[in-house]
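Fold and geometry: a report
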Amino acid sequence: MESAKKRIPSGGGPTRRKVLATALAAGASVAAARVLGLRNLGSGAATEPLDAMSVTTGTDAMGTYAMSIDDADAALAIPDDAFFGAQDLDASVLPEQVRPAARLPPVAASRVTGTLQPPVTGINAPRLADGLDWISPLSSETARVTHLLRRATFGYTEAELDRALSDGYARTVDRLIETPSAEPPAFAVRPAATPTPRPSASPSASPSALRTAMPNVSPMTAASPSAMPNGTAMPSATPAPLTNTSSINIGNLQAWWIDWMTQSPTPFAEKMTLFWHGHFTSDYRKVGTNSPAMYWQNLTWRKMALGDLRTMLYWVTQDLAMLRYLDLAVSTGRAPNENYARELMELFALGVGNYTEDDVKAAAKALAGWRLPMRTEPTATVGIFDTRRAFTGPVTFLGKTATFDTGAVIDQILAQDAAATFVTRELARYFVSPGVTDAYVARLADGYRRSKYDTKTLIRAMFMSPEFTSPEAYRALIKSPTEFMVSTAKALGAPSNTSQIIRGYGSLLGQNLFDPPSVAGWGDNASWISSNTMLQRANYVSQVLGSVRQIPSAAKAHERHLDGVLAPGTVQEINNTRDDRSRWFAVFVSPEFQLK
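Residues numbered from 1 in each chain as written. Predicted model: local features only at pLDDT ≥ 70, side-chain atom pairs only at ≥ 80, totals over all residues. Heavy atoms only, no water.

Topic: helix α14 (residues 357-367)
Here is the rule: Using a 1.4 Å probe on the protein chains alone, a residue whose accessible area is under 20% of its type maximum counts as buried, one over 50% counts as exposed, and one in between counts as partly exposed. Elements are defined by DSSP. Helices are runs of H or I of four residues or more, strands are runs of E of two residues or more, and each kind is numbered from the N terminus. Here a residue-residue contact requires only that any non-hydrogen atoms of the pair lie within 4.5 Å.
Residues of α14 that are buried: Asp359, Val360, Ala362, Ala363, Ala364, Ala366 and Leu367. In the core, the buried residues of α14 are packed alongside α11 (309-318), α13 (339-349), β1 (370-371), β2 (384-385), β3 (395-397) and α15 (406-414). Of the residues trailing α14, Gly369 is marked for its positive phi of about 125°.

Thoughts on the side chain of Thr317
For Thr317, the location among the structural elements is in helix α11. For Thr317, a relative accessible area of 1% corresponds to the buried category. The residues touching Thr317, leaving out its near neighbours within four places in the chain, are Leu323, Leu328, Tyr340, Leu367, Trp370, Thr406 and Ile410.

What to know about the side chain of Asn512
Stated formally: We define a polar contact as two N or O atoms separated by no more than 3.5 Å, with the added condition that, inside protein, one atom must be a possible hydrogen donor and the other a possible acceptor, whereas residues neighbouring each other in sequence contribute only through side-chain atom pairs.
Relative to the assigned elements, Asn512 resides in the loop between α20 (499-509) and α21 (531-547). Polar side-chain contacts of Asn512 include one of 3.2 Å to the side chain of Gln254.

Comments concerning empty space enclosed by the protein
Space left empty within the atom packing is revealed by a probe, the size of a water molecule, rolled over the atoms. Test applied: Note on definitions: the grid is 1 Å and covers protein atoms alone; a cavity is a set of points where a 1.4 Å probe fits but cannot get out; a pocket is an open set with protein on both sides within 12 Å along at least five of seven lines; lining residues have an atom within 4 Å of a point. Grid points are joined across faces, edges and corners, and a volume is the space filled by probe spheres set on the points.
For the structure on display, the rule yields 5 cavities of 30 Å³ or more. By volume, the largest cavity amounts to about 140 Å³. Lining the largest cavity are 16 residues, and of these Arg150, Gly155, Lys479, Ser487 and Phe593 sit closest to its centre. Secondary-structure elements contributing two or more residues to the lining of the largest cavity are α19 (481-491), α22 (557-562) and α25 (591-594).

Concerning the pattern of salt bridges
Just so we agree on the cut-off: We define a salt bridge as a contact between a side-chain nitrogen of Lys or Arg and a carboxyl oxygen of Asp or Glu at a distance within 4 Å.
All chains considered together, the criterion is met by 30 salt bridges. Arg144 is the salt-bridge partner of Glu141, the closest N and O atoms lying 2.7 Å from each other. Taken as a pair, Glu141 and Arg144 lie in helix α4 (residues 141-152) at a separation of 3 residues, close to a single helical turn. The partner of Glu160 in a salt bridge is Lys490, and the shortest N-O contact between them spans 3.0 Å. One end of the pair, Glu160, is in helix α5 (residues 158-167); the other, Lys490, is in helix α19, with 330 residues separating them in the sequence. Residue class for Glu160 comes out partly exposed when judged on its relative accessible area of 25%. One salt-bridge network, held together by shared partners, links Arg163, Asp167, Arg171 and Arg175.

Structural notes on the packing of aromatic side chains
For clarity, the cut-off: Put simply, two rings from Phe, Tyr or Trp (the six-membered ring, in Trp's case) pair if the centres are within 6.5 Å, and we call them stacked under 30 degrees between planes, edge-to-face over 60, tilted for the rest. Remark: a charge is flagged as sitting over a ring if the NZ atom of Lys or the CZ atom of Arg is within 6 Å of the ring centre and within 35 degrees of the ring normal.
Going through the model one piece at a time under the given rule, you end up with 24 aromatic pairs. With centroids separated by 5.2 Å and ring planes inclined at 10°, the aromatic side chains of Trp276 and Phe280 adopt a geometry described as stacked. Residue class for Phe280 comes out buried when judged on its relative accessible area of 0%. Here Phe484 and Phe593 contribute two aromatic rings whose centre-to-centre distance is 6.0 Å and whose plane-to-plane angle is 70°, an arrangement assigned as edge-to-face. Placement of Phe484 in helix α19 and of Phe593 in helix α25 is noted, with a sequence separation of 109 residues between them. Site record: aromatic cluster; members linked through ring pairs are Phe268, Phe275, Trp276, Phe280, Trp301, Tyr340, Phe348, Tyr430, Phe431, Phe463 and Phe468. Seen from the ring of Phe154, Lys271 lies directly overhead, with NZ or CZ sitting 5.5 Å from the centre. Between Lys479 and the ring centre of Phe593, over which it is positioned, the NZ or CZ distance is 3.5 Å.

Structure follows, in structure tokens:
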């Protein structure tokens, strides 16, 4: 399977829903079979009865049932009888814990009937796969609202869904976009945490699982002890204010953001923050944890999430983490470093093919002069421009010869038609579909350009476009690991004890926050999926369900979270469940829940 660390080239064509659904269904079958213990040993042995998902005791199922990635991928690629699910067994011989029971009402087949509506021209239509694809329900207002919440937020709690359904689609779009982003509680001092037991996995389970351990240094801030959303008690000592010399603990920072993803009253702001985090990448391994640079960067992306692109690019350039990550802080007029200049054009604003090597060299000279604060400047939260380190002569950049400063470099980049097109395509692939057409992107980019790169205007046009709620867009995207884990927690009522579990599974699922694999960020869609990552998703669900004492009713979970639009295999899996925990498990590991 394709590595989760590869970005799918935008020019490679749309990812077909048939491929996604087939991979998800096969992976989910492997995951469910292993976690539920329905394993055929190939020697005539009886089915192994296991405690269903280990949820009654909260035991981590991963250590016992994790397989090597080679074995799992082989099972996915070459079907055999080594793995099967409850649907493959006669109910009379099922272990008691997975035998259907009358306690929950049975789930009916998909209520959506008819044929696909005529395709919307802005998105390439997917090919259908018998039994693994779905007819879009987006002709109904209810389905449009849930579709919007899956794309624009991290899923929803019951209360969030009820409010959105009451408001309707258009008013919900207005509320998500127009409500000012709520600021998270300040990153506060915590005691040095006892290391959370990491989910066990084979050495081949995830390359990032083998990385060096996170540093264990306490963060510093001026926040009050009661500020943390999960109620974690602060040390009795008076917290010191954060300065650019304060050390932080990256594990605590990850948990802080995950807490806020599950609790924020403005979840769209967090979704946009995650987008920019993957677009304007930096990682804590190079940036370091001897300053709050990664924390301050997170605050910047949230603050600027829906602002104008010009201002954001300026903040990106002077950001302390970015200055370290892409080496602009060591660039001088005499010895310009080209790393930031190249990525500013290639990955952040223009895209490959819209600049030359001479433009990279010219931009590197024009941007030289930024440096990091010295220890004698502890209150500085952004880079400092030192004219003594700058280049003072004229350069020819993107066809214009002049003496450029940072603002002029950004202005010249945004004067290129490619800028609006590139950023629009990135956002459309993130929110709408990997198969957006050039015509659709061009239409949105034209409005973005005319709005002087106002991102709020672009997002509104995107959400209100017919392409966003077209049949072709329905379930055309796969949830990233963070989206999947947070949406699972929110469906269960957003319990506050899940952030550490989510943090622990980040690297195993391929998305360790503040630690992207490269300057290109994370991959997307099919790159998230292999039989191994599907197994780890199922293990995550098992552990979360085991950690929640009071499970909400799952009687309508398939309607509230899957639109009641289910493949036959999912219907059968759900109807094989005996209680709320096992039904939630079946919903969360289903192919339908992995999609958005």
